[in-house]
Amino acid sequence: MTHHLRADVVIVGGGIVGGSAALFLRQAGASVILMERDRPGSRASGVNYGGVRRQGRPPEHLPLAQRAHALWANLRSLIGEDGEYVRSGHLKLARSAADMASLEAYAARVENFGLGLQLLDTADLRRLYPMIGDSAIGGSLCPEDGHANPRLVSPAFSRAAAAAGATILDRAPVSDIRITPEGFHVTSAQAEITASAPVLINCAGAWAGELAAGIGDPLPISVIHPLMAVTEPLPPFLTVSIGVEGGGVYGRQVERGNFVFGGGRGFAHPKADARSATTPPDFARPERQAALRLLAQGTGLFPALQGCTIIRSWSGVEAETPDHAPIIGPSRIHPGLFHACGFSGAGFQIGPAVGAVLADLVTTGRSVTPIDAFRPDRFSSPA
Ligand SMILES: Cc1cc2nc3c(=O)[nH]c(=O)nc-3n(C[C@H](O)[C@H](O)[C@H](O)COP(=O)(O)OP(=O)(O)OC[C@H]3O[C@@H](n4cnc5c(N)ncnc54)[C@H](O)[C@@H]3O)c2cc1C
């Protein structure tokens, strides 16, 4: 028998974005139903690198990242646990004079955003970070960036939202959305539930494009599979989270000694019972040779990794947009519909602030944080 539920807002997707939106909407007094296909935080939000990094984001993304930075500082009071969040510092390395010039230019461009970037020349780098190999010639340190454990943090947002009074439905894949003058009727045939609300928020991650297309509001979402790996525990050698100008590899050592690192891509692993040819896969897998190539790059930067063993590698399913900026804001077609998706490999740090912005938009009609760069209609051709 189908159960009919009603609320002010229905959210599809229980990643860090949907979970935090549910929490902030409850805090603002709205009634909320969140429908998650699997378990909250079980997709990109729970399997990512855990980088809580502002450095390297484009200037127009920094107001949102700064709002998130303030929320991360209060993580325990927000979600009831610290999620192993540490402000370890994020050090971006330069491997050439051109890379160093690029780091210097970035530091100048974002000077007014309060990141507190410290540029390090070769002598500084050798003195402060003797564990870094000779291939790096300088770097830029963001002392208050850091990392957290995504497996702990992301589901905790939905748990905190439930504790604040939101209805969190797991194992409730949305199978149908009907739009009427009264609002949205969202059905999960599997969970035998229909949830109705005047507001619908699309937080469906890599599946957000499919959801939007299904209600006639297509978004240019493609799917990527970032590759991650972790080594056996090693003696402590690194306290900061590392990135490299120009990309390629990033990594950090966790307290237990394992070196967690990422770069490159895995591949899609569609389930045999995939819902349709156009549906993004539920899972992604690492490719062995790619993981070994990644380790070779890591070893070039950190001699301490020489000869170590990779004990696990994995990948995830993540949404990407053509300009690598997320899509956050109201639909240009359906009043009451909001999208928050397309985080292009960088949504974990800003996730909590995206939830706060969505709560602003739904309850006050505007966001106190500038989000123009993320408008859903920026891809539409002018009429
Ligand atoms: C390997 C990897 C490393 C990364 N590293 C970092 C990093 O270091 N720092 C950083 O900032 N970002 C990183 N990211 C990106 C970050 O993880 C994502 O941008 C972020 O988690 C996106 O959150 P989300 O809530 O939008 O999506 P998701 O976590 O994918 O959540 C979307 C949810 O919607 C649900 N859903 C989809 N369709 C339906 C439906 N029809 N009905 C019900 N539920 C549905 C899904 O099951 C899923 O749980 C990384 C991503 C990956 C994959």
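These figures come from a predicted structure and were not determined experimentally.

*Asks:* Explain the side chain of Gln-55 to me, please; I cannot follow it from the model alone.
*Replies:* You can see Gln-55 is positioned in the loop between strand E4 (51–52) and helix H3 (62–73). Of the polar contacts made by the side chain of Gln-55, one reaches the side chain of Ser-140; its length is 2.5 Å. Once residues within four sequence positions are removed from consideration, Gln-55 is found in contact with His-90, Lys-92, Tyr-106, Leu-115, Leu-117, Ser-140, Leu-141, Cys-142 and Asp-145.

*Asks:* Please clarify how the domain arrangement of the protein chain should be interpreted in this entry.
*Replies:* Where interface size is given, it is often the accessible area lost as the parts come together that is meant. When cut into domains, the protein chain gives domain 1 (3–50 + 151–221 + 322–379) and domain 2 (88–144 + 223–320). If you look at the interface, domain 1 gives 19 residues, while domain 2 gives 24 residues. Summed over both sides, the interface of domain 1 with domain 2 buries roughly 1700 Å², with 51% coming from carbon and sulfur. Sorting the residues of domain 1 by area buried against domain 2 places Tyr-49, Ala-206 and Trp-207 first, and these three jointly supply 39% of that buried surface. Summed over the shared surface of domain 1 and domain 2, the result is one salt bridge. Between Asp-282 and Arg-37 there is a salt bridge whose closest N-O contact spans 3.0 Å. Summed over the shared surface of domain 1 and domain 2, the number is twelve residue pairs in polar contact (both at pLDDT 80 or more). Considered class by class, the residues forming the side of domain 1 that touches domain 2 number nine nonpolar, six polar and four charged.

*Asks:* I'm lost on helix H5 (residues 97–109) in this one. Help?
*Replies:* Side chains of residues three or four places apart in an α-helix project in the same direction, reflecting 3.6 residues per turn. Between the first and last C-alpha of H5 there are 18 Å, a value that for 13 residues agrees with the 18 Å anticipated at 1.5 Å per step. Buried within H5 we find Asp-99, Met-100, Leu-103, Tyr-106 and Ala-107. Projection of H5 onto a plane perpendicular to its axis shows the buried side chains occupying an angular sector of 120°, all on one side. Seen from the buried face of H5, the exposed residues on the opposite side, beyond 90 degrees, are Ala-97, Ala-98, Ala-108 and Arg-109. Tucked into the core, H5 has its buried residues touching H3, strand E5 (90–94), strand E6 (118–120) and strand E7 (138–142).

What counts and what doesn't
Residues numbered from 1 in each chain as written. Predicted model: local features only at pLDDT ≥ 70, side-chain atom pairs only at ≥ 80, totals over all residues. Heavy atoms only, no water. Helix = DSSP H or I, 4+ residues; strand = E, 2+ residues; numbered from the N terminus. Polar contact = N/O pair within 3.5 Å; in protein donor to acceptor, adjacent residues only side chain to side chain. Contact = heavy atoms within 4.5 Å. Domains from an automatic or database assignment. Buried area = accessible area lost by both parts, 1.4 Å probe. Salt bridge = Lys/Arg side-chain N within 4 Å of Asp/Glu carboxyl O. Nonpolar A, V, L, I, M, F, W, Y, C, P; charged D, E, K, R; others polar. Expected span 1.5 Å × (residues − 1). Buried < 20%, exposed > 50% of the residue type's maximum accessible area, 1.4 Å probe, protein only. Arc of directions from axis to C-beta.

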